[in-house]
Amino acid sequence: MSQTKQLAANLGNTVRVSTSSGATAGSGNNQRFYVGRDTSFDYDSYVRFALDWSGVGRIVSAILSLYTDDGLGQFDSTTTEHPTVTLRRLTDSFSEGSGPSSGFQSNDFTSAKGTSSGQKVKAMTRAVFGLNSIDVTDFVEAWAPKTVKKRNGAAGGAASNYGIGLFGSTDKTKNWAGFSEDYTDATYRPIITLTYEY
């Protein structure tokens with residue numbers, strides 16, 4: 001019989017690069033994730049989850065929940081035509097930094113690479129506080145220890161859990177903003193729902 005557990009986000013950062021000067025900055029404690037291009041900056045975001053393999057024998061599915069924000073942050077994805085995010089499993093680490101809950105500072109900048117293998121391109125909802133459900137079972141199976149079976153019965157990939165990268169494009173019509181792991185209302189923070197069997 002299948003069981004479920006919630007895997008909460010425990011680390012996140014939103015970073016930006018100036019399109020004119022190349023100057024970099026981050027906002028590690030920001031309550032929002034930004035993805036895409038706005039004014040003169042390109043934005044990406046990173047999020048990592050606390051994994052709990054206790055009692056997990058075989059993975060059935062893993063669904064990531066991300067919520068579109070209220071439009072009151074750095075930019076309003078609810079006014080873009082086609083908000084889109086490319087999700088990639090990160091292959092190296094990022095840092096959160098210690099910046100304020102809004103605004104960017106240079107010493108919070110971090111960079112992490114994501115593999116395009118198994119990446120997800122997701123059309124996000126424009127609705128404020130709208131739920132975006134994304135199947136990240138492949139990512140979670142890659143992180144699973146060898147003692148946990150994938151859906152097909154093979155052993156978990158035992159890859160390091162560096163988290164997930166949320167990447168955008170230079171097309172402003174695809175900008176997206178969502179709530180981060182630091183948002184005041186825990187209801188709207190990123191979470192992975194893991195369904196599994198013993």
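Structure first, text after, so check above.
Read on for an overview of the structure.

Rules of the game
- Residues numbered from 1 in each chain as written.
- Predicted model: local features only at pLDDT ≥ 70, side-chain atom pairs only at ≥ 80, totals over all residues.
- Heavy atoms only, no water.
- Salt bridge = Lys/Arg side-chain N within 4 Å of Asp/Glu carboxyl O.
- Helix = DSSP H or I, 4+ residues; strand = E, 2+ residues; numbered from the N terminus.
- Buried < 20%, exposed > 50% of the residue type's maximum accessible area, 1.4 Å probe, protein only.
- Pairing = 2+ DSSP bridges.
- Phe/Tyr/Trp six-rings, centres within 6.5 Å; stacked < 30°, edge-to-face > 60°.
- Lys NZ or Arg CZ within 6 Å of the ring centre and 35° of its normal.

1. Looking at the pattern of salt bridges
If the charged atoms of two oppositely charged side chains come close together, the side chains can form a pair.
Piece 1. Scanning the model with the defined rule gives eight salt bridges in all.
Piece 2. When the shortest N-O distance is used, the salt bridge between D69 and R32 registers 3.0 Å. Remark: R32 occurs in strand β3 (residues 32-38) and D69 occurs in the loop between β5 (58-67) and β6 (84-90); sequence separation between them is 37 residues. Of the two residues, D69 and R32, both sit in the buried class.
Piece 3. A salt bridge links D42 to R37, with the shortest nitrogen-to-oxygen separation between them at 2.6 Å.
Piece 4. Judged by its relative accessible area of 25%, D42 falls in the partly exposed class.
Piece 5. Taking relative accessible area as the criterion, R37 reaches 22% and is therefore assigned partly exposed.
Piece 6. Several salt bridges converge on common partners, so that one network encompasses K120, D138, E141 and R151.

2. Section: the pairing of β3
Consecutive residues of a regular strand have side chains that alternate between opposite faces of the sheet.
Piece 1. Among the seven residues in β3, six count as buried, and that is most of the element.
Piece 2. Relative to strand β10 (residues 176-179), β3 runs antiparallel, the two being bridged by four bridges. Residue pairing in the sheet places F33 in a bridge with G178 of β10.
Piece 3. Relative to strand β4 (residues 41-49), β3 runs antiparallel, the two being bridged by three bridges. Across the sheet, residue D38 finds its bridge partner in β4, namely F41.

3. Considering the packing of aromatic side chains
Piece 1. In the structure shown here, the tally under the stated rule is 14 aromatic pairs.
Piece 2. Taken together, a centroid distance of 5.8 Å and an interplanar angle of 65 degrees make the contact between Y43 and F104 edge-to-face. Within this pair, whereas Y43 is found in strand β4, its partner F104 is found in the loop between β6 and β7 (114-123), the two being separated by 61 residues in sequence. Neither residue differs from the other here; Y43 and F104 are each classed as buried.
Piece 3. Note on Y67 and Y188: the rings are 5.1 Å apart at their centroids and 90 degrees apart in plane angle, and the pair reads as edge-to-face. Here Y67 is found in strand β5, whereas its partner Y188 is found in the loop between β10 and β11 (191-197), with 121 residues between them in sequence.
Piece 4. By relative accessible area, which is 21% here, Y188 ends up partly exposed.
Piece 5. An aromatic cluster is defined as three or more aromatic residues linked by ring pairs; in this entry it consists of Y34, F41, Y43, F75 and F104.
Piece 6. Sitting over the face of the ring of F104, R16 holds its NZ or CZ atom 4.5 Å from the ring centroid.
Piece 7. When the ring centre of F167 is taken as reference, the NZ or CZ atom of R88 above it lies at 5.4 Å.

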